[in-house]
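Close look at the chain arrangement
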Amino acid sequence: PGVVAIDVQPHDDDDDDDVASAMASSTLHNLNPNAERMGPQASLHMNLQAAKGLEDVLRTNLGPKGTVKMLVGGAGDVKLTKDGNVLLREMQIQNPTAVMIARAAVAQDDVTGDGTSSTVILIGEIMRAAERYLADNVHPRVLVDGLEVAKRAAVEFLDKFKLDINVTDENPDREMLCCVAKTSLCTKVRKGLGEKLTDMVVDAVLTIRNQQEPIDLHMVEIMHMKHKSEEDSKLVKGLVLDHGTRHPDMKKHAKNCYILTCNISLEYEKSEVNSGFFYSTADQREKMVQSERAFTDERVQRVIDLKKKVCDGTDKNFVVINQKGIDPISLEMLAAEGIIALRRAKKRNMERLVLACGGQSVNTVEELVPEALGYAGEVYEHVLGDEK
């Protein structure tokens, strides 16, 4: 016990060959006969060429004098842009290395909003410089270690060179913010438009900033007006709704307004289940129609009562912005009381209304109290072409 005996049998050279062939077969893999197999040097060269090729595409985009690229989609739609982020998202890249570089550049844009073309060009130049060292038989591992040392040195320099600007401060450096915005915008649009947009962008961010919370860029909405040119772009320090009033007698301009944001149906609604009304005489039908109408009129009257409660005897106006519908009869009742009413407002606008004007969104008529109302200094309707 405890002793292991190994019996070694004599064998000939043919047995050695069988063992060697068995060991060799275990390292073989079946490849697709149609696949293209590359050696280490060939694959390394292909990856370097992919990085340099992507760099050559975006090189001419960099800077204010960069060229504009035309992108044609599969459906024939045409885009003119020199924004590296748009180009990388729209281009159909097949090479895995180029795809990885494009993802790194897009991530840079998602974090900082700029630097996409610069990232691709920087990576391409690093690969171009590495190619010369590889031609001198320098091992790739040595190059990677050198790049790591250079990265740490670059980060250390940037930490000393950077200027800290906090837009949540009470008095941020607006001139410095304008310089940063202009540097970025002039690389994406022509110089005249970039200078015009610079002040608008900075003022928009300073308008929505809150010293206690991080900046929510969703509070800035870009609306496209097809009836005007790009030079007519302007910043509206308020909330722009892409729909107007639906009654000709309602006011087009009002000041000192109470704002009621609600999600209450002020129209006749069909039942959610299959149902029907049966009557034998015209009087019975008329009574059923009146009872249905009375259900909606009661809700409208509750809104009118709230308006009278807060506005009678003052110079205040009353605005109702409803996420659901308002039928013509209800619009007539509201217009007769001098109430401005908007129907079928978008959900995103309803959320912004509460943040911009105060108050709270109301979902039932039982919640109609003065404390739920917001306030706006001015409400007006602007018409562009056929759009209000």
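This text goes with the structure placed above it.
Note that the structure is predicted; figures quoted are calculated from it, not measured. (Residues numbered from 1 in each chain as written. Predicted model: local features only at pLDDT ≥ 70, side-chain atom pairs only at ≥ 80, totals over all residues. Heavy atoms only, no water.)

1. As for the sheet that holds strand β5 (residues 339–342)
- Sheet architecture is open: 4 strands sit in the order β5-β4-β3-β6, paired in mixed fashion. Looking at the sheet topology across the chains shown, the edges are occupied by β5 and β6 (374–380). Averaged over neighbouring strand pairs, the angle between their axes works out to 35° when direction is ignored.
- Where strand β3 (residues 253–262) meets strand β4 (residues 317–322), 6 bridges bridge the pair, whose relative direction is parallel. In the strand pairing of β4, Ile259 is matched with Val319.
- Sitting on the sheet, helix α9 (residues 282–311) is in contact with β3, β4 and β5, with an inclination near 150° to β4. (Pairing = 2+ DSSP bridges. Helix = DSSP H or I, 4+ residues; strand = E, 2+ residues; numbered from the N terminus. Axes fitted to C-alpha atoms, helices over the stretch in contact; angles between N-to-C directions. Contact = heavy atoms within 4.5 Å.)

2. Topic: the pairing of β3
- As judged from the 6 bridges shared by β3 and β6, these two strands associate in the antiparallel manner. Looking across to β6, one finds that Cys257 is bridged to Ala376.

3. Some thoughts on a nonpolar patch on the surface
- Taken together, Val68, Met70, Val72, Val78 and Leu80 make up a surface patch of nonpolar side chains, about 530 Å² in accessible area.
- Of all the secondary-structure elements, those providing two or more residues to the nonpolar patch are β1 (69–72) and β2 (78–81).
- Tracing the backbone through its elements, the reader meets Met70 in strand β1. (Patch = residues over 30% accessible without salt bridge, like charges linked within 9 Å, V, L, I, M, F, W, Y side chains within 5 Å. Areas by Shrake-Rupley, 256 points an atom, 1.4 Å probe, with all protein chains shown as cover. Salt bridge = Lys/Arg side-chain N within 4 Å of Asp/Glu carboxyl O.)

4. Considerations on the side chain of Asn95
- Within the fold, Asn95 resides in the loop between α3 (84–90) and α4 (96–112).
- Within polar-contact distance, the side chain of Asn95 engages the backbone nitrogen of Thr97 at 2.9 Å.
- The contact partners of Asn95, leaving out residues within four places of it in the chain, are Met46, Asn47 and Ala50. (Polar contact = N/O pair within 3.5 Å; in protein donor to acceptor, adjacent residues only side chain to side chain.)

5. Digging into the pattern of salt bridges
- Inspection of the entire model under this criterion finds 26 salt bridges.
- Between Arg59 and Glu125 there is a salt bridge, and its shortest N-O distance comes to 3.4 Å. Of this pair, Arg59 sits in helix α2 (residues 40–59) while Glu125 sits in helix α5 (residues 116–135); the two residues are 66 residues apart in sequence, bridging distant segments of the chain.
- Connected via shared salt-bridge partners are Glu55, Asp56, Arg59, Glu125 and Arg128.

6. Section: the packing of aromatic side chains
- Going through the model one piece at a time under the given rule, you end up with 1 aromatic pair.
- For the pair Phe157 and Phe161, a centre-to-centre distance of 5.3 Å together with 15° between the ring planes defines the contact as stacked. Note that Phe157 and Phe161 are positioned in helix α6 (residues 140–161) at a spacing of 4 residues, about one turn of the helix.
- Look at Phe161 and you get exposed, because its relative accessible area is 59%. (Phe/Tyr/Trp six-rings, centres within 6.5 Å; stacked < 30°, edge-to-face > 60°. Buried < 20%, exposed > 50% of the residue type's maximum accessible area, 1.4 Å probe, protein only.)

7. Details of the packing of α9 against helix α10 (residues 328–336)
- Their axes nearest at 10 Å, the elements α9 and α10 cross at an angle of 30°. The angle between the axes of α9 and α10 places the two elements in the roughly parallel class. Crossing of α9 over α10 shows right-handed handedness. Note on element contacts: α10 touches α9 through Ile329, Ser330, Met333 and Leu334, opposite Arg293, Thr296, Asp297, Val300, Gln301, Val303 and Ile304.
- Along the lines of polarity and charge, the residues of the contact of α9 with α10 split into 6 nonpolar, 3 polar and 2 charged. (Parallel < 35°, antiparallel > 145°, perpendicular 65-115°, else oblique. Left-handed = near helix turned anticlockwise from the far one by under 90°. Nonpolar A, V, L, I, M, F, W, Y, C, P; charged D, E, K, R; others polar.)

8. Thoughts on the environment of Leu241
- Structurally, the position occupied by Leu241 is in the loop between α8 (191–208) and β3.
- Owing to a relative accessible area of 16%, Leu241 belongs among the buried residues under this scheme.

9. Re the pairing of β2
- Here 4 bridges tie β1 to β2, and the two strands are oriented antiparallel to one another. Pairing of Val72 across the sheet is with Val78, part of β2.
- Between β1 and β2, which pair antiparallel one after the other, the connecting turn spans 5 residues, and Gly76 there sits at a positive phi close to 90°.

10. Some remarks on unusual backbone geometry
- Despite not being glycine, Asn137 has its phi angle at roughly 65°, a positive value.
- For Asn137, the position within the fold is in the loop between α5 and α6.
- On the basis of relative accessible area, Asn137 is assigned to the exposed category, the value being 73%.
- Of note, Asn256 is a non-glycine position whose phi angle comes to about 55°, a positive value.
- Tracing the chain through its elements places Asn256 in strand β3.

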